[in-house]
Each structure stands twice: as C-alpha cells, then as structure tokens.
Amino acid sequence: MSNFIQVLILGLALGGVLALMGSGLSLVFGVMRIVNLAHPALIIAGAYVAYWAFKLWGVDPIVSLPFAAIILSIVGILLYKLVFEREAKSAKYSEMSVLLTFSVAMCVEGALGSAFTNTQRVTSPGYATDAIFIGDIFIPTGQLYAGLISLGLIALLALVLKFSRFGYAIRATTQNREAAELLGVNVNLVSLASFAIGIALAGAAGTLVSFVFSFFPAKHWEWIAILMSLVVLGGMGSILGTVIAAFLLSVIAAFVGAWIGSTWSTMTFFLALFVILLVRPQGLFGEKPELT
Amino acid sequence: MDSSNVIEARKKHNDNLARGNDKTRATWFPLTLMALLLVLPALQFLGNYNYLLHMVLFTASYAVMASGWNILGGFAGYISLGHNVFFAIGGYFAGMILARYGVSTIILAPVAGLVAGIAGYLIGMITLRVRGPSFIISSLALVMIARILFDNWEFIGGANGVALPANELTVQWAKLPYYYAFVIMAAFAVWVSYRIKHSKFGLGLRAISKDEIKAESAGINTRFYKVLAFAISAFLVGMAGAVWGEYLTYIRPNIFLIILVSVNMVLMCILGGKGTVAGPVVGAIFIVVFNEIFVATLGASEINILATGLIMAVALIFFPLGIVGTLAKHHRLPKILNWD
C-alpha cells in the first residue's frame with residue numbers, strides 16, 4: 001500500500017511540472033490556432049537561463065524563474081513579429097504554420113547546441129537531491145517545489161484569464177476570433193500578448209525543468225510528443241483540460257514505470273496520444289468535433 | 001441520341017489535349033539525365049571519383065524518399081513528420097535478412113518496400129482518421145514510439161544495432177551496386193509520382209488536399225485513397241531504407257530514426273515544390289549540395305540543424321510553393337523541369 005502511495009506521489013509531483021509545460025502550449029493554440037512545436041525547445045532555452053545563472057552566479061533556479069520568463073517573453077515577441085504575425089492574421093489553422101514552428105524549433109535547438117554543446121546538464125541546488133520523509137514515504141523536495149510553483153503559476157494564469165478584462169479578451173478570441181474582433185477586441189494585440197505569455201510560461205517551466213530533469217538541446221523532440229499528448233487529451237486550447245491530462249498521464253506513467261519498467265513510462269504518453277486521437281480526437285474538454 | 005459518338009468525340013478531344021501537352025514537354029531531359037547518370041561510373045576508369053558517386057547516390061536516395069513523402073504530403077496534403085519510421089522498417093527488414101541469410105538488400109528492396117508499405121497501410125488506418133495538426137502530432141509520436149521499440153528490441157540489436165557484411169568488391173567499384181540501385185529507384189519513384197499525378201487516383205488525392213469534405217461528397221472514397229497514398233509513400237521510403245542500411249554496412253536506430261532524416265524529406269519537398277513531380281528531386285539536389293558545403297566549411301552538426309531550420313523558415317515564409325511551384329506560377333518554369 002505504501003508503495004502504491006509512493007508511486008502516486010511521484011506521479012503527481014511530475015504532473016505539476018508537465019502541467020505548466022503544457023499550459024503555455026495550450027494557451028497559444030487556443031488563441032492563435034498554431035500548434036507551437038517550438039514550445040519544448042524554448043522550455044530548454046529557459047532551462048539554460050537557470051543553469052547558467054546558477055553555475056556562474058549561484059542564483060537559485062526559483063529566483064531566476066521570473067527573469068527567465070521575461071527573457072523568453074521577449075524572445076516570444078520577437079518570434080511573433082518576425083515569423084508568426086502573418087500566420088496569426090489568417091486566424092485559421094494551416095499546415096504551413098506547424099512546419100514554421102517546427103523550423104523555429106530546429107533553429108532554437110541548433111543555436112543552443114552550437115552555443116552549449118549537447119552534453120546533459122542539470123542544475124543542482126541543495127533541495128534538488130533532498131527528500132522529505134513521511135513514515136516510509138519519501139517526497140523529493142525538488143519535484144515537490146517544482147510542482148507547487150507550477151500549480152501556483154497556473155492558478156495565477158487562470159485568475160488572470162477569469163477575472164481581468166484582458167483575460168476576458170483572450171477567452172473571447174479563443175472562442176470565436178471573428179466575433180471578438182467585431183465586438184472591438186484588438187485580436188492582433190491579444191495574439192501577441194498571449195503568445196508572449198505562452199512563451200514566458202515556457203521560460204518559467206524551463207527553470208523548474210532545469211533541476212527536475214537533466215536536459216540537453218536535442219531533448220525537446222521527446223518532450224514535443226509528451227506535451228502534445230497532454231494538450232490533445234485535455235482538448236486543444238483548454239488549459240484546465242491540459243492540467244488534468246498532465247496529472248492523469250503522469251500518474252499512469254509513474255505506475256507503468258514502477259510496475260513494467262522505466263523505459264516504458266514515457267511510452268505511456270505516446271500510446272495515450274494515439275489512443276486519444278483514435279477514440280476521441282477532440283480530447284476530454286475539446287468542443288470542436290474535428291480539428292481542421 | 002447515340003452516346004457512343006459523344007464518348008468517342010470526347011476521347012479524341014482528350015487525346016488532342018494530351019498530344020498538345022506532350023509537344024511542350026521536354027521528355028528528352030529526364031531521359032538524357034538518366035542516361036548520363038547511368039554512364040557516370042565509367043569515370044572510375046579514369047581515376048577515383050568515389051566522392052562524386054557518393055554525392056549522386058546520396059542525392060538519389062533522398063530523391064526516392066522525398067518523392068515518396070510527396071505522394072502523401074504533396075498530393076494528399078497530409079504532412080507527416082514521421083516518415084523515417086518506414087525508412088527504418090525497410091532498413092531493418094532487409095538488413096536483418098542480409099545479416100542472417102546473406103541475401104543482398106538490393107534484391108530485397110522491393111520486398112522491404114512492401115513490408116514498409118503494409119506497415120504504412122496499417123498505421124495510416126489509425127492516424128489518417130484525424131487531419132491537420134492532430135495528424136502531424138501523431139506522426140511525431142510515431143517516431144518516438146518506434147525509437148523506443150527499436151532501442152529496446154534485443155533481437156534486432158537494440159540501441160547498438162547490427163553490423164552488416166560489406167560487399168567483396170574493390171574500393172574502386174564497391175559503391176557501384178548501390179549507386180545503380182539508388183539511381184534506378186529514383187527514376188522509379190519519379191515515374192510512380194508521374195503516373196499517380198496523371199491518374200484518377202492522383203486527381204482524387206488532389207481533391208482531398210483541397211477540401212476533403214467536398215471530395216467525399218463528390219463520391220471519392222477518401223479514406224481508402226489516403227490510406228493507399230500513405231502505403232505507397234511508405235513503400236518508396238522503405239525501399240530506400242533497405243539499400244541504405246547495406247550501403248552504410250550498419251543498421252542502428254540513430255541512423256534511421258533521427259528527426260533530421262524526416263525533416264530532410266519534408267524540407268526537400270517544400271523547397272522544391274510539394275505536389276509537383278520534379279519538386280522533390282530539385283529539392284533533394286539543393287539540400288544535399290547545401291548540406292555538403294555547410295558541413296565542409298563549418299563542420300559542427302548543430303550549426304547544420306540551425307541552418308536547416310533557417311532555410312525551412314525562409315522557404316515557408318517567402319516561397320511556400322517551392323522552387324518549381326513558384327516558377328510555374330509565374331510561367332517561368334523552364335521546360336526541362338516541367339515533369340508534371
């Protein structure tokens with residue numbers, strides 16, 4: 001029984017980080033109808049910010065989180081202006097936009113790889129390797145902190161979306177872009193802002209990732225599929241759905257890892273993606289019958 | 001009214017149109033190119049041109065794969081980022097038989113292609129239920145699943161792979177069988193693309209890429225069409241994979257199942273012009289030459305990834321129709337490149 005709870009807790013702890021990683025992706029898809037395949041690569045860029053801040057100046061990754069978010073949001077604004085602005089105007093999904101984000105992902109990976117090489121890195125503040133024991137159950141403090149901070153940030157995002165005027169505009173644009181535009185919402189500004197917020201969330205997630213997982217530039221390929229499985233299961237564009245899917249899948253993955261073998265735990269996400277696409281392509285909370 | 005007269009008149013009209021097309025077509029160019037490529041290895045009598053042969057072979061192998069990708073991604077409009085899975089299936093199928101029973105992969109290539117094609121058919125039955133971004137994502141997940149399976153399947157060597165026996169020819173002539181295999185496969189792939197483009201099947205695929213719902217209501221069996229397109233494109237890619245393994249004398253997951261392989265297929269089609277017959281070949285030539293120059297001058301593979309990403313972004317933003325497509329749109333396409 002204690003073993004069962006142990007695995008459950010480890011799964012939940014990872015679920016928090018994954019939820020934060022996926023929520024930015026979901027936000028961007030909701031507003032811009034762009035599947036941002038560059039998201040995981042930008043998460044790794046955020047992880048490098050935390051890594052170098054820790055290595056050079058001894059700054060704790062949690063302290064560098066807001067800075068990584070700001071730096072990455074600037075990157076996001078530049079990317080939007082340079083690459084995605086014309087795509088966003090069409091307000092309709094196109095294959096080209098996915099390929100465009102794919103090429104951005106390659107650029108980010110190549111730039112990070114040539115700057116920092118492909119060696120595995122991990123930020124190691126004291127708490128990253130520590131654990132809290134309750135009876136014979138242990139909770140790794142690094143994952144616990146990361147999970148809690150993730151949940152805090154997601155809650156903040158949810159509050160902004162729910163109660164601020166700006167959040168209202170974002171939700172209106174997500175639901176119906178043309179109608180929002182007719183009612184006086186500046187959809188271009190909303191797109192720009194939500195893209196910047198989405199990428200800032202990637203940066204924030206990156207700083208947490210830097211002490212939870214080891215990372216290297218080429219690792220984002222694995223994360224693309226993992227994050228996509230969350231976003232697809234949750235229903236593309238639904239942030240609540242993404243969060244629920246993140247917890248669900250990471251708990252399942254933790255059990256698969258504990259009972260069958262750790263190689264197969266990442267397989268859970270990929271197989272889940274296939275099964276969802278087969279059985280319920282719109283995901284748990286998606287409304288559109290089919291994505292076109 | 002006698003309907004046979006009408007049908008006959010229409011047939012005659014169509015024949016005339018076809019003949020008119022043929023007059024503007026420079027059929028001699030691909031044929032001459034092919035003949036030149038077939039006699040090119042004679043250079044080996046004069047000196048060592050192994051590097052040149054390797055480059056042509058490499059380009060031809062990518063021309064096969066890009067043409068294969070183009071059938072699904074260009075004609076039917078389903079962008080797959082996971083076609084290297086079929087490259088791996090073809091490579092491993094033929095490679096394992098070569099390692100165990102010593103049958104040359106060049107003979108096995110069509111069989112390996114067929115195996116990849118069947119795999120493509122089955123996978124297509126599942127993943128082609130969804131469209132747009134969901135399909136692209138599912139194709140990425142396919143690569144990840146395949147990578148875990150190939151890395152952990154001990155029978156096929158796991159992550160370390162299997163060494164294959166090299167052929168017994170001298171260094172001067174060792175590349176020759178593979179060279180001919182790839183050049184002939186490339187010609188075959190172009191011929192298949194041409195035939196598909198000029199068939200009812202190809203017309204159906206184009207209708208699917210324009211508007212699938214309308215295509216379906218016009219009476220096209222869209223599901224069968226696109227799954228078949230997936231299978232044919234997997235067949236071509238798998239065939240290339242079969243010979244590629246023996247050429248490298250090694251099969252290993254990180255030769256076949258790296259994302260750069262499938263990106264190259266996509267990039268070649270987009271740069272050359274997806275949905276055209278000549279596009280993938282033109283794209284393959286450009287990308288291979290470009291990579292070669294880049295690697296020779298700069299070395300590091302990370303910069304190569306960065307450069308590939310940049311070219312792709314520039315091509316997508318400024319020439320979404322690709323070289324052949326953009327030229328054709330402005331009526332500037334040279335006759336020798338009009339293979340459609």
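See the structure above.
Counting of residues starts from 1 at the beginning of each chain's written sequence and follows it residue by residue. Lettering for chains starts from A, numbering for ligands starts from 1, and both go in the order in which the items are written. Local features are withheld for residues below a pLDDT of 70 in this predicted model, meaning they are given only at 70 or higher, and side-chain atom pairs are given and counted only at 80 or more; totals for whole chains, interfaces and linings count all residues.

Peer 1: Can you explain the overall build of chain A? Please cite residues and give values.
Peer 2: Elements are defined by DSSP. Helices are runs of H or I of four residues or more, strands are runs of E of two residues or more, and each kind is numbered from the N terminus. A tally of regular secondary structure across chain A gives 11 helices and two strands. When the helices and strands of chain A are listed from N to C terminus, the series reads α-α-α-α-β-β-α-α-α-α-α-α-α. Here chain A has a C-alpha radius of gyration of 18 Å; the compact-globule value for 292 residues is 19 Å, and the two agree. For the C-alpha atoms alone, the extent of chain A along its principal axes is close to 60 × 45 × 35 Å. Field definition: a residue is buried when 20 or more other C-beta atoms are found within 10 Å of its C-beta, exposed when 12 or fewer are, and partly exposed for counts in between, with C-beta atoms placed from the backbone. The proportion of buried residues among the 292 residues of chain A is 56%. Each radius of gyration is computed over the set of C-alpha atoms, and the globule rule expresses the reference value as 2.2 Å times the number of residues to the power 0.38.

Peer 1: Give me the overall build of chain B: which residues, what numbers.
Peer 2: Counting secondary structure elements, chain B contains 15 helices and two strands. Here the C-alpha atoms of chain B give a radius of gyration of 21 Å, agreeing with the 20 Å that 2.2 N^0.38 yields for 340 residues. Within chain B, the proportion of its 340 residues that are buried is 50%. By sequence separation, contacts in chain B at least 24 residues apart represent 79% of the contacts at least 6 residues apart. A pair of residues counts as a contact when their C-beta atoms, built from backbone coordinates, are separated by no more than 7 Å.

Peer 1: I'd like a rundown of helix α12 (residues 259-272) of chain B, residues and numbers included.
Peer 2: All names here are of chain B. By definition here, a helix of n residues has an expected span of 1.5 Å times n minus one. Taking 1.5 Å of rise per residue, 14 residues should cover 20 Å, and α12 covers 20 Å from first to last C-alpha, within 8% of that figure. Buried residues dominate α12, accounting for 13 of its 14 residues. One or two residues past the end of α12 sits G273, with phi positive at roughly 125°.

Peer 1: Outline unusual backbone geometry, supporting the account with residue identities and numerical values.
Peer 2: All names here are of chain B. The phi dihedral of T249 falls on the positive side, at around 55°, and the residue is not glycine. Along the chain, the position of T249 falls in the loop between α10 (222-248) and β2 (250-251). The phi angle at H331 is positive, at roughly 55°, despite the residue not being glycine. Here H331 shows up in the segment after α15 (322-329).

Peer 1: Give me the pairing of strand β1 (residues 131-134) of chain A: which residues, what numbers.
Peer 2: Residues in a regular strand project their side chains so that they alternate between the two faces of the sheet. We call two strands paired when DSSP finds no fewer than two bridges between them. Of the pairings in the sheet, the one linking β1(A) to strand β2 (residues 137-140) of chain A comprises four bridges and is antiparallel in character. Bridging from a neighbouring strand, A:A131 pairs with A:P140 of β2(A).

Peer 1: Could you give me a rundown of the interface of chain B and chain A, with the residues and numbers involved?
Peer 2: Chain B puts 33 residues into the contact, and the matching count from chain A is 35 residues. Elements represented by at least two residues in the side of chain B that touches chain A include exactly α5 (105-127), α6 (132-152), α12 and α14 (301-318) of chain B. By residue number, the principal contributor to the side of chain B that touches chain A is α6(B), which donates 12 residues. Under the grouping applied here, Gly and all other residues not named as nonpolar or charged are polar, the nonpolar ones being Ala, Val, Leu, Ile, Met, Phe, Trp, Tyr, Cys and Pro and the charged ones Asp, Glu, Lys and Arg. Of the residues belonging to the side of chain B that touches chain A, the class tally is 23 nonpolar, seven polar and three charged.

Peer 1: Hey, could you go over the packing of helix α7 (residues 176-197) of chain B against α10(B) for me, with residue numbers and the actual values?
Peer 2: All names here are of chain B. Every axis in this analysis is a line fitted to C-alpha atoms, fitted for helices over the stretch in contact. Angles between the N-to-C directions lie between 0 and 180 degrees. Two numbers describe how α7 lies on α10: the axes approach to 11 Å, and their chain directions differ by 175°. If you check the angle between α7 and α10, you find them roughly antiparallel. Together, Y178, A181, F182, M185, A189 and V192 of α7 and L236, M239, A240, V243 and Y247 of α10 make up the contact between the two elements. Of the residues assigned to the contact of α7 with α10, the class counts are 11 nonpolar, no polar and no charged. Every angle not falling under 35 degrees, over 145, or within 65 to 115 is termed oblique; those three ranges are roughly parallel, roughly antiparallel and roughly perpendicular.

Peer 1: Before we move on, could you go through the packing of helix α6 (residues 165-175) of chain A against helix α8 (residues 187-212) of chain A and cite the residues and values that matter?
Peer 2: What describes two packed helices is the angle between their axes and the distance between those same axes. Residues and elements named next belong to chain A. At a minimum axis separation of 10 Å, α6 and α8 run at an interaxial angle of 105°. As judged from the angle between their axes, α6 and α8 are roughly perpendicular. Along the contact surface, α6 presents A169, I170 and T173, while α8 presents V187, V190 and S194. Considering only residue class, the contact of α6 with α8 consists of four nonpolar, two polar and no charged.

The analysis is restricted to geometry; functional conclusions fall outside its scope.
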